[in-house]
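Here is what each chain is made of, one letter per residue.
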Amino acid sequence: EPEVTQTPSHQVTQMGQEVILRCVPISNHLYFYWYRQILGQKVEFLVSFYNNEISEKSEIFDDQFSVERPDGSNFTLKIRSTKLEDSAMYFCASRNTRQSHGELFFGEGSRLTVL
Amino acid sequence: AQTVTQSQPEMSVQEAETVTLSCTYDTSESDYYLFWYKQPPSRQMILVIRQEAYKQQNATENRFSVNFQKAAKSFSLKISDSQLGDAAMYFCAYWAVMGSQGNLIFGKGTKLSVKP
């Protein structure tokens, strides 16, 4: 069964460093998402991406964050200069059609630890 | 703004028994979807069940069913004949139909343990 894959599963970085989290969505999906979950807190929406551009983003998704779909298969989240509070589990998700409301397929997550 | 609340951080059920997980939400929209997602330990979140707000009939999916009370903004999940594999984190989520590409709004989750 097709699935969303994410790498790395765990990354430890120093504050101020750049981090790139990678995702390979399901191949025929059209909508892509990043969510994050700080330990003990809710899963929060970061950004959605459709037709090679950001379609919606939350207040969390500030100028330090960017997303890219460089080659038609990967979908990346870049954090330019990490802060301690960026430590979280980051989930990538994808969706097939506009009619598949809310039926997202999630990856296993990338745990980011900022020291 | 829409919010989703899960008031039970942890629940426990005996194998083969029935358990109900609670969820309430707040919205001013009339058209939306509600979901329960399951996240087993170290695995990805998967969709368990979905409910369209315009449908009065409660959704069912094998051993999983919901009790959707639109006026009360309540959306509970019932798991019948619980199995060890049901042990997971369960997230209630809301999706607004109107707007852009939409995004899921999650509750904090309920950790379900299943005792053999």
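Please refer to the structure placed before this passage.
Residues numbered from 1 in each chain as written. Chains lettered and ligands numbered in written order. Predicted model: local features only at pLDDT ≥ 70, side-chain atom pairs only at ≥ 80, totals over all residues. Heavy atoms only, no water.

### What about the pairing of strand E8 (residues 75–79) of chain A?
Residues and elements named next belong to chain A.
Point 1. Summarising burial for E8: four of the five residues are buried, a large majority.
Point 2. Bridge count between strand E7 (residues 65–68) and E8: four bridges; the pairing is antiparallel. By the bridge assignment for E8, valine 67 is matched with leucine 77.
Point 3. Counting the residues between successive antiparallel strands, the hairpin from E7 to E8 contains six residues, one of them, glycine 72, with a positive phi of roughly 85°. (Buried < 20%, exposed > 50% of the residue type's maximum accessible area, 1.4 Å probe, protein only. Helix = DSSP H or I, 4+ residues; strand = E, 2+ residues; numbered from the N terminus. Pairing = 2+ DSSP bridges.)

### So, the sheet that holds strand E1 (residues 5–7) of chain A
Residues and elements named next belong to chain A.
Point 1. Ordered in space as E1-E3-E8-E7, the four strands form an open sheet in which the pairing is antiparallel. Bordering the open sheet on either side are E1 and E7, each of which pairs with just one other strand. Neighbour-to-neighbour, the strand axes of the sheet open up by a mean angle of 15°, direction not taken into account. (Axes fitted to C-alpha atoms, helices over the stretch in contact; angles between N-to-C directions.)

### Considerations on the state of the cysteines
Point 1. Applying the stated criterion across every chain yields a total of two disulfides over all chains.
Point 2. Here A:Cys23 pairs with A:Cys92 through a disulfide, and the sulfurs are 1.9 Å apart. On the sign convention where negative means left-handed, the S-S torsion of about -65° between A:Cys23 and A:Cys92 marks this disulfide as left-handed. Here A:Cys92 lies in strand E9 (residues 88–95) and A:Cys23 lies in strand E3 (residues 19–24), a separation of 69 residues in the sequence. A:Cys92 carries the same exposure label as A:Cys23, and that label is buried.
Point 3. Residue B:Cys23 pairs covalently with B:Cys92 via a disulfide, S to S 2.0 Å. Because the torsion about its S-S bond is -70°, the bridge between B:Cys23 and B:Cys92 counts as left-handed. (Disulfide = S-S within 2.5 Å.)

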